[in-house]
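# Structural characterization, general
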Amino acid sequence: MSATVIDGKAFAAKVRGQVGEHVTRLKAEHDLTPGLAVVLVGEDPASQVYVRSKGKMTVEVGMKSVEHKLDVDTSEADLLAVIDGLNNDPTIHGILVQLPLPEHLNEDLVINAIDPAKDVDGFHISNVGLLGTGQKSMVPCTPLGCLMMLRDHHGSLSGMDAVVIGRSNIVGKPMAQLLLGDSCTVTIAHSRTKDLADVVRRADIVVAAVGRPEMVPGDWIKAGATVIDVGINRLDAPERGAGKTRLVGDVDYESCAAVAGAITPVPGGVGPMTIACLLANTLTACCRANGLAEPEGLTA
Ligand code: NDP
């Protein structure tokens, strides 16, 4: 194996440390505590795990953490009332509605009810438009985490050929916008892309956000390219015991690491950066709301 392993777990711990230092300064110098509210509707076990770890890490960096756990059959009107209350609460700077929502709730309507200045997931249509036009916005956490790791590894990304595999609103499209913002030449590939292997072989940077286990083999990767694996896929692992599972990404790690210059592992790559960036976004939102300078290196 020749690639440098980009350690997302260590990098995320560093980012959380930087956020924590800023929070300490905000408290001391401005008597301000950034606040993050997470709204969970229903009892999806994976969502409950995410919400718990978000709350724990929010408290660890010294922020205020608020959780609203609503019944699975909560009406749209009741959910919108909770969001309205948080929009108008000056102690809350970031609001995250955990997705997916139960089917009877309209996700677009709910997300667009969040005050865009508090939309720390960066999914509000205003933030999507601001990012697309290169203006200051709240940036979706997962692509922001990928960008931070790429900048940390390469310094400038200017002029590099980047291929993003996947065109979802939460990962692929904002990732492409961010890479474009850093002056990469960007290609977005998707399920209808012709000769995906050939497209990926041109890339200095490959970001895989597909949701298909180990789909990208090493012989698609240009020698020395940087591979960012966003995918989180759970596979059965009977070799580890009955009912056991293991996580794999969207790239075939062993074969890609043999040719890439750098690669993120799964687990321990992009995943930990997502919550770190949620905390960074909450800090940024708090600074903006109070007319203070934004934390350097923690925004796009
Ligand atoms: P989506 O299902 O919303 O999007 C997947 C994209 O992959 C689509 O654009 C689809 O194309 C494309 N695609 C599917 N099959 C192929 C194929 N054979 N060839 C090329 N492109 C293909 O997924 P998300 O963007 O939400 O998530 C992607 C992965 O990232 C998942 O594994 C998810 O679990 C993970 N993830 C990880 C996060 C983290 O914190 N690390 C956060 C968010 C997601 P088309 O549009 O044509 O259908």
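The text that follows walks through the structure, step by step, so that each part is easy to find. Model, not experiment: these values are computed from the prediction. The written sequence of each chain sets the order in which its residues are numbered from 1. Residue-level local features of this predicted model are given only where pLDDT is at least 70; pairs of side-chain atoms are given and counted only at 80 or more, and the full residue set underlies all totals for whole chains, interfaces and linings. The basis for the side-chain values is all heavy atoms of the structure; hydrogens and waters are excluded.

### Let's talk about the packing of helix 1 (residues 8–30) against helix 10 (residues 270–289)
Each pair of packed helices gets described by two things: the angle between the helix axes and the distance between those axes. Quick note on the threshold: What counts as an axis is a line fitted to C-alpha atoms, over the stretch in contact for a helix, and the angles between N-to-C directions run from 0 to 180 degrees. Secondary structure elements follow DSSP: runs of H or I of four or more residues count as helices, runs of E of two or more count as strands, with numbering from the N terminus. Roughly parallel here means an angle under 35 degrees, roughly antiparallel means over 145, roughly perpendicular means 65 to 115, and every remaining angle is called oblique. Left-handed describes a crossing whose near helix is turned anticlockwise from the far helix by less than a right angle; the clockwise case is right-handed. Only heavy atoms enter the contact rule, under which two residues are in contact if any of them lie within 4.5 Å. Any residue that is not Ala, Val, Leu, Ile, Met, Phe, Trp, Tyr, Cys, Pro, Asp, Glu, Lys or Arg is counted as polar, Gly included; the first ten are nonpolar and the last four charged.
With their axes 8 Å apart at the nearest point, helix 1 and helix 10 run at an angle of 20° to one another. The orientation of helix 1 relative to helix 10 falls into the category roughly parallel. The handedness of the crossing between helix 1 and helix 10 comes out as left-handed. For the pair helix 1 and helix 10, the contacting residues are Gly-8, Lys-9, Phe-11, Ala-12, Val-15, Arg-16, Val-19, His-22, Val-23 and Leu-26 in the first and Pro-272, Met-273, Ala-276, Leu-279, Ala-280, Leu-283, Cys-286 and Cys-287 in the second. Of the residues belonging to the contact of helix 1 with helix 10, the class tally is 14 nonpolar, two polar and two charged.

### With respect to the nonpolar core
Defined as follows: By nonpolar core we mean a set of buried residues, namely Ala, Val, Leu, Ile, Met, Phe, Trp, Tyr and Cys, connected to one another through side-chain atoms within 4.5 Å. Three labels apply to residues, based on accessible area from a 1.4 Å probe with only protein chains included: buried if under 20% of the type maximum, exposed if over 50%, partly exposed otherwise in between.
Grouped together as the largest cluster of nonpolar side chains are 56 residues, with contacts concentrated most on Val-19 and Leu-179. With twelve residues, helix 10 is the single largest residue contributor to this core. In terms of nonpolar packing, the next biggest core, distinct from the first, is built from 21 residues, Val-163, Ala-208, Trp-220 and Cys-256 among them.

### Thoughts on the site of the ligand
Short version of the rule: Residue proximity to a molecule or strand is established when one non-hydrogen atom of the residue lies within 4 Å of it. Distance and chemistry together define a polar contact, namely a pair of N or O atoms within 3.5 Å, with one atom able to donate a hydrogen and the other to accept it when in protein, and with adjacent residues in sequence counting only for side-chain atoms on both sides. Here, Shrake-Rupley sampling with a 1.4 Å probe gives the accessible areas, and only protein chains in the shown set may cover a residue.
Close contacts around the ligand come from 22 residues, with Arg-167, Ser-168, Ser-191, Arg-212 and Thr-274 the closest. Contacts to the ligand include Arg-167, whose side-chain N or O atom sits 2.7 Å from an oxygen atom. Between an oxygen atom of the ligand and a side-chain N or O atom of Thr-274, the distance comes to 2.8 Å. The protein chains hide 70% of the 930 Å² of surface that the ligand would expose on its own. Take the shell around the ligand: its biggest share by element is three residues, from helix 10. Taken together, the residues that form the shell around the ligand break down as ten nonpolar, ten polar and two charged.

### Some remarks on the layout of surface pockets
This is how it is decided: Of the two site types, the cavity is a set of points on a 1 Å grid over the protein atoms alone where a 1.4 Å probe fits but cannot get out, and the pocket is an open set with protein on both sides within 12 Å along at least five of seven lines, each lined by residues with an atom within 4 Å of a point. Grid points are joined across faces, edges and corners, and a volume is the space filled by probe spheres set on the points.
Size it by volume and the largest pocket reaches roughly 1300 Å³. Residue lining of the largest pocket: 42 residues in total, with Tyr-50, Thr-142, Ile-232, Gly-271 and Thr-274 positioned closest to the centre. Broken down by secondary-structure element, the contributors of at least two residues to the lining of the largest pocket are helix 1, helix 2 (45–60), strand 4 (94–97), helix 6 (141–154), strand 9 (233–236) and helix 10. Within the lining of the largest pocket, the residues separate by chemical class into 25 nonpolar, ten polar and seven charged. By volume, the second largest pocket amounts to about 410 Å³. Asp-108, Phe-123, Val-128, Asn-169 and Ile-170 are the residues nearest the centre of the second largest pocket, which is lined by 17 residues in total. For the lining of the second largest pocket, the secondary-structure elements that each account for two or more residues are helix 4 (107–111), helix 5 (125–132) and helix 7 (172–181). A total of four residues in the lining of the second largest pocket trace back to one element, the largest contributor, which is helix 5.

### A short note on the pattern of salt bridges
Where charged atoms of side chains with opposite charge meet at close range, the side chains can pair. Rules: A pairing counts as a salt bridge when a side-chain nitrogen of Lys or Arg comes within 4 Å of a carboxyl oxygen of Asp or Glu.
One pass over the structure, following the stated rule, counts eight salt bridges. A salt bridge links Glu-60 to Lys-56; the shortest N-O distance between them is 3.4 Å. Pair noted here: Glu-60 and Lys-56 are both in helix 2, with a separation of four residues, about one helical turn. Among the residues examined, Glu-60 registers a relative accessible area of 51% and is labelled exposed. We note a salt bridge from Arg-288 to Glu-294, for which the minimum N-O separation is 2.7 Å. For Glu-294, a relative accessible area of 23% translates into the label partly exposed.

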